[in-house]
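The chain contents come next:
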Amino acid sequence: ALVLVGTPVGAIFVMVCTNLYVDARHRKGLLKVVFNVSQAALALSLGGLILHVFGVRGGIAGLDSLPWNYAVGILVAGVATFVMNGVLIGLVICIQNAQSPRSLIDREYAITMAADGALLALAPVFVLAVEYSSLMLPLLGITAFLVYQSARSVLRSEHEANHDPLTMLLNRRAFDEQLGRALDDSDSGRRALVLVMDLDRFKDINDRLGHPTGDRLLRSFAERLERILPSTAAASRLGGDEFAVLLPSAPGIDGLVASKPCSSY
């Protein structure tokens, strides 16, 4: 919306400051902060450049009618900003998790991008509504907030459907899906490895110390398991005290044996 007002540089400045504030509040690492700032700047810069090419200068506020080149420029700029934003995020996710771009197109990513697209589509409405009356801004803000909250609610439901409620690891169904994608990628020469493990004498802990203690042990084991695994690995609680790990790019048995083991309880 700030780009459409006619100040792409101002829009980039506001977006960069917002990203810095949010990332600092959530204590994100330096690389994530740099990526988020760069991603926002690149996407908005592309949108502003396309608007300039189509002759959209000075924004759309105050126009008696919308010329055809303005309408086309706004549409193309919005689509380009949306695609640039999605591609940058998708590439980073693929690189970080060693996934193929094909495997990235899942329901959660689609929901996130749909919410981003819906909010982006509201940008011209924001500008025109504020030009008509500033009293419209709170109403549009509520609409944008509801879109955002709806997406968060759906994503939360998706997370609960794919994760074990006790350990927050993947459940068996989600693990099977990731394993299937890894097997599909194996055709390209990449080798995946699956480790299945359980906790010895876990039943004795439940019987002698109670199920709450057993649950704490499972949560602690899951946390330690995630800490020692590479970011590309997928860990799952299959049920009871049985866990599984998927390494999409396995170093081989020799590399696994030579790696640092997890300390025992």
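Before reading further, recall that the structure is shown in the block above.
Position numbers for residues start from 1 in each chain and track the written sequence from start to end. With pLDDT at 70 or above as the cut-off, local features in this predicted model cover only qualifying residues; side-chain atom pairs require 80 or more to be listed or tallied, and sums for whole chains, interfaces and linings still use all residues. Values reported for side chains reflect all heavy atoms of the structure, with hydrogen atoms and water molecules removed beforehand.

**Quick notes on the packing of helix H2 (residues 8–25) against helix H3 (residues 30–53)**
Inference 1: The axes used here are C-alpha line fits, helices contributing only the stretch in contact, and every angle between their N-to-C directions lies in the interval 0 to 180 degrees. Helix and strand assignments come from DSSP, with helices taken as H or I runs of at least 4 residues and strands as E runs of at least 2, each series counted from the N terminus. Between H2 and H3, the least distance of the axes is 9 Å, while the angle of their chain directions is 160 degrees. Taken as axis vectors, H2 and H3 run roughly antiparallel relative to one another. Handedness of the H2/H3 crossing: right-handed. For the pair formed by H2 and H3, the contact residues are Pro8, Ala11, Ile12, Met15, Val16, Asn19, Leu20 and Asp23 on the first element and Lys32, Val33, Asn36, Val37, Ala40, Ala41, Leu44, Ser45 and Gly48 on the second.
Inference 2: Looking at the contact of H2 with H3, its residues break down into 11 nonpolar, 4 polar and 2 charged. Here roughly perpendicular refers to angles of 65 to 115 degrees, roughly parallel to angles under 35, roughly antiparallel to angles over 145, and oblique to all remaining angles. Left-handed describes a crossing in which the near helix is turned anticlockwise from the far one by less than a right angle; the clockwise case is right-handed. Contacts are residue-level and defined by heavy atoms, with any inter-residue pair within 4.5 Å sufficient. Lys, Arg, Asp and Glu make up the charged group, whereas Ala, Val, Leu, Ile, Met, Phe, Trp, Tyr, Cys and Pro make up the nonpolar group; the residues left over, Gly among them, are polar.

**A word on the sheet that holds strand S3 (residues 242–247)**
Inference 1: Read across the open sheet, the 3 strands follow the order S1-S3-S2; overall the sheet is antiparallel. Single-partner strands in this sheet number two, and they are strand S1 (193–198) and strand S2 (234–239). On average, each strand axis in the sheet is tilted by 20 degrees relative to the strand beside it, whichever way the strands run.
Inference 2: Pairing between strands is defined by DSSP: at least two bridges between them are needed. Sheet topology note: the S1/S3 ladder contains 6 bridges and is antiparallel. In the strand pairing of S3, Asp198 is matched with Glu242.
Inference 3: Against the sheet, helix H11 (residues 211–228) contacts S1, S2 and S3, and its axis sits at roughly 10 degrees relative to S3.

**Things to note about the environment of Arg237**
Inference 1: Relative to the assigned elements, Arg237 resides in strand S2.
Inference 2: For every residue, the accessible area (1.4 Å probe, protein chains only) is compared with the maximum for its type, and the residue is labelled buried under 20%, exposed over 50%, or partly exposed between those bounds. Look at Arg237 and you get buried, because its relative accessible area is 15%.
Inference 3: Expressed as a C-alpha distance, the spacing of Arg237 and Phe175, which sit 62 residues apart in the sequence, is 8.8 Å.
Inference 4: Excluding anything up to four places from it in sequence, Arg237 contacts Asp164, Leu166, Thr167, Leu169, Leu170, Asn171, Arg172, Leu218, Glu242 and Phe243.

**Side note on unusual backbone geometry**
Inference 1: Its identity is not glycine, yet Met168 carries a phi of approximately 65 degrees, on the positive side.
Inference 2: Its location among the elements puts Met168 in the loop between helix H8 (136–162) and helix H9 (172–185).
Inference 3: For Met168, a relative accessible area of 44% puts it in the partly exposed group.
Inference 4: In this structure, Arg201 takes a positive phi of about 55 degrees despite not being glycine.
Inference 5: The topology assignment puts Arg201 in the loop between S1 and helix H10 (202–209).
Inference 6: For Arg201, a relative accessible area of 64% gives the class exposed.

**Thoughts on the nonpolar core**
Inference 1: Formed by 19 residues in total, the largest nonpolar core has its most connected members in Val3, Leu4, Ile12, Leu44, Leu51, Ile60 and Ile74.
Inference 2: Ranked by residue count, the leading element in this core is H3, at 6 residues.
Inference 3: Residues within four places of Leu51 in sequence aside, it is in contact with Val3, Leu4, Val56, Gly73, Ile74 and Ala77.
Inference 4: Nonpolar cores were defined as sets of buried Ala, Val, Leu, Ile, Met, Phe, Trp, Tyr and Cys residues, with membership established by side-chain atoms within 4.5 Å. If you look at the next biggest cluster of nonpolar residues, it comprises 16 residues, including Leu169, Leu193, Leu199 and Ala235.

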